[in-house]
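Descriptive structure summary
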Amino acid sequence: DEYLPHRVAQAFFVAQTLQNISKQPQYGWREHSGLVLVVGDFNSPIESLTYRLPSSLTDLRDTFSEVHPGQLEYTHGTSDNRYTAASHFRAERLDYILYRALKLWKVVDASVFKQATRDGYPVSDHFGAVAEFHFKEDSVATTIDNEEIEDPEHERKRKCDVLTEGVEVIRTALIEVKDRQMTHFQVCGVFSLLAIALFMVDSSTVAFHIWMPVFSRFLIFGSIITATVEFLIGAFIVTDELMTLRETLDEMLVAQHTIS
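Throughout what follows, the structure given in this document is the object of discussion. (Residues numbered from 1 in each chain as written. Predicted model: local features only at pLDDT ≥ 70, side-chain atom pairs only at ≥ 80, totals over all residues. Heavy atoms only, no water.)

Examining the packing of aromatic side chains
Put simply, the rule reads: Side-chain rings of Phe, Tyr and Trp (the six-membered ring for Trp) are treated as a pair once their centres are within 6.5 Å; stacked means planes under 30 degrees apart, edge-to-face means over 60, and tilted covers the remaining angles. Exposure classes here rest on a 1.4 Å probe applied to the protein chains alone. A residue is buried below 20% of its type maximum, exposed above 50%, and partly exposed in between. Comment: elements are numbered from the N terminus, with helices defined as DSSP H or I runs of at least four residues and strands as E runs of at least two.
Taken as a whole and assessed by the stated rule, the structure comprises 8 aromatic pairs. Taking the centre distance of 6.5 Å and the plane angle of 50° together, the rings of F42 and Y51 count as tilted. Each member of the pair, F42 as well as Y51, carries the same accessibility label: buried. Note on Y83 and Y121: the rings are 5.6 Å apart at their centroids and 40° apart in plane angle, and the pair reads as tilted. In this pair, Y83 sits in the loop between helix 3 (63–67) and strand 3 (95–101) while Y121 sits in the loop between strand 4 (105–113) and strand 5 (128–135), placing the two residues 38 residues apart along the sequence. For Y83, a relative accessible area of 46% translates into the label partly exposed. Pairwise contacts between aromatic rings join F42, Y51 and Y96 into one cluster.

Here it is as structure tokens:
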């Protein structure tokens, strides 16, 4: 998966954002609704690191797994979705409703929304996820439904393991992105030298055909444009990607050290 490092970085920062917000009094979810929801298209199956990072680090639970333990229900790539039925996609569950709640709340139902439009087409190539929560007024509001950990050491190790896996993904991506940046600079150098060589030849050679000067100038112009584009990609776009990955790696290492 060529997008795995980016999804891992996004998933980690989602977890960090949830943890930071929960510490701020003005956003204190315990004092307000007592319910935190993370919903959307993760573009990753439930066994993926992209899913396990936020769910493990912030103790989020999957509503469908809670209501239907052990059951499988897919939201993408299924034969009954006319957008993906004839495609190369495999059936997977990529869309989730994750939650963390005080015991005031209980998830009572979760399903996949497959209702089609009038012409028989679904509203998207992804089926939707639906969950229903009930508010329990007679429950103790100060305890968290998914905060009761029977084995804290096992839970700590689980979080460390998922962070270790994330760190390795980001480190591997950093090496690959550095190599890609070097390739852009090398291509820039090659076309720069080509443009210089063509310019020198064009300036010192008497053309035997009337179209040769036009053709050589076209090659020079094309070489300059290619060299410029490759330099800009390597110097700005890839550099920005490197900075993001380095920042993610540093934050992951800090989180790993804090947990361990």
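Details of empty space enclosed by the protein
Operational definition: Here the term cavity refers to a set of points on a 1 Å grid, laid over the protein atoms alone, in which a 1.4 Å probe fits but cannot get out; the term pocket refers to an open set having protein on both sides within 12 Å along at least five of seven lines, with lining residues being those that place an atom within 4 Å of a point. Grid points are joined across faces, edges and corners, and a volume is the space filled by probe spheres set on the points.
Under the defined criterion, the tally for this structure stands at 1 cavity of 30 Å³ or more. Taken together, D62, T63, F64, T75, R93, D95, I97, A110, S111, V112, A129 and V130 form the lining of the largest cavity. Those elements that provide at least two residues to the lining of the largest cavity are helix 3, strand 3, strand 4 and strand 5. The element best represented in the lining of the largest cavity is strand 4, accounting for 3 residues.

Brief notes about the packing of helix 1 (residues 4–22) against helix 2 (residues 49–57)
Operational definition: Axis definition: a line fitted to C-alpha atoms, limited for helices to the stretch in contact. Angles are taken between N-to-C directions and run from 0 to 180 degrees. With respect to orientation, any angle under 35 degrees is reported as roughly parallel, any angle over 145 as roughly antiparallel, any angle of 65 to 115 as roughly perpendicular, and every other angle as oblique. Two helices crossing with the near one rotated counterclockwise from the far one by less than a right angle form a left-handed crossing, whereas a clockwise rotation gives a right-handed crossing. By the convention used here, residues are in contact when the closest approach between their heavy atoms is within 4.5 Å.
In the contact formed by helix 1 and helix 2, the axes pass within 8 Å of each other and the chain directions differ by 15°. Considering the angle they form, helix 1 stands roughly parallel to helix 2. As helix 1 packs across helix 2, the resulting crossing turns out to be right-handed. In this structure, helix 1 contributes L4, R7, V8, A11, F12, A15 and Q19 to the contact, and helix 2 contributes L49, T50, L53, P54 and L57.

Digging into the sheet that holds strand 2 (residues 61–62)
Where we set the bar: Only strands that DSSP links by at least two bridges are regarded as paired with each other.
Pairing within the open sheet is antiparallel, and its 3 strands lie in the order 1-3-2. In the strand order of this sheet, the two ends are held by strand 1 (35–41) and strand 2, each with one partner. Where strand 1 and strand 3 come together, 7 bridges link them in antiparallel fashion. Among the inter-strand pairings, V39 is bridged to a residue of strand 3, identified as I97.

Thoughts on a nonpolar patch on the surface
The following threshold applies: Distance thresholds for patches are 9 Å for like charges and 5 Å for nonpolar side chains (Val, Leu, Ile, Met, Phe, Trp, Tyr), applied to residues having over 30% relative accessible area and no salt bridge. Every accessible area reported is derived by Shrake-Rupley at a probe size of 1.4 Å, with residue values counting cover from the shown protein chains alone. Basic side-chain nitrogens of Lys or Arg form a salt bridge, by our definition, when they fall within 4 Å of a carboxyl oxygen of Asp or Glu.
A cluster of nonpolar side chains, namely L193, I196, F199 and M200, defines an oily patch on the protein surface of about 460 Å² accessible area. Looking at the secondary structure, you find L193 in helix 4 (residues 152–204).

A closer look at helix 1
Short version of the rule: By this rule the span expected of a helix is its residue count minus one, scaled by 1.5 Å. Our arc is simply the arc of the directions from the helix axis toward the C-beta atoms.
When the terminal C-alpha atoms of helix 1 are compared, their 27 Å separation across 19 residues agrees well with the 27 Å that a helix rising 1.5 Å per residue should span. Every buried residue of helix 1 is listed here: P5, V8, A9, A11, F12, A15 and Q16. Buried positions in helix 1, seen along its axis, are confined to an arc of 165° and lie on one side of it.

Things to note about the pattern of salt bridges
Counted according to the given criterion, the structure contains 12 salt bridges. Here K114 and E73 are joined by a salt bridge, their closest N and O atoms 3.4 Å apart. Of this pair, K114 sits in the loop between strand 4 and strand 5 while E73 sits in the loop between helix 3 and strand 3, and the two are 41 residues apart along the sequence. E241 is the partner of R180 in a salt bridge, and the nearest nitrogen-oxygen pair spans 3.2 Å. With a gap of 61 residues between them, R180 in helix 4 and E241 in helix 5 (residues 212–259) connect regions that are remote in the sequence. Residue classification places E241 among the buried positions, given a relative accessible area of 14%. Here the residues in one salt-bridge network are E73, D80 and K114, joined through shared partners.

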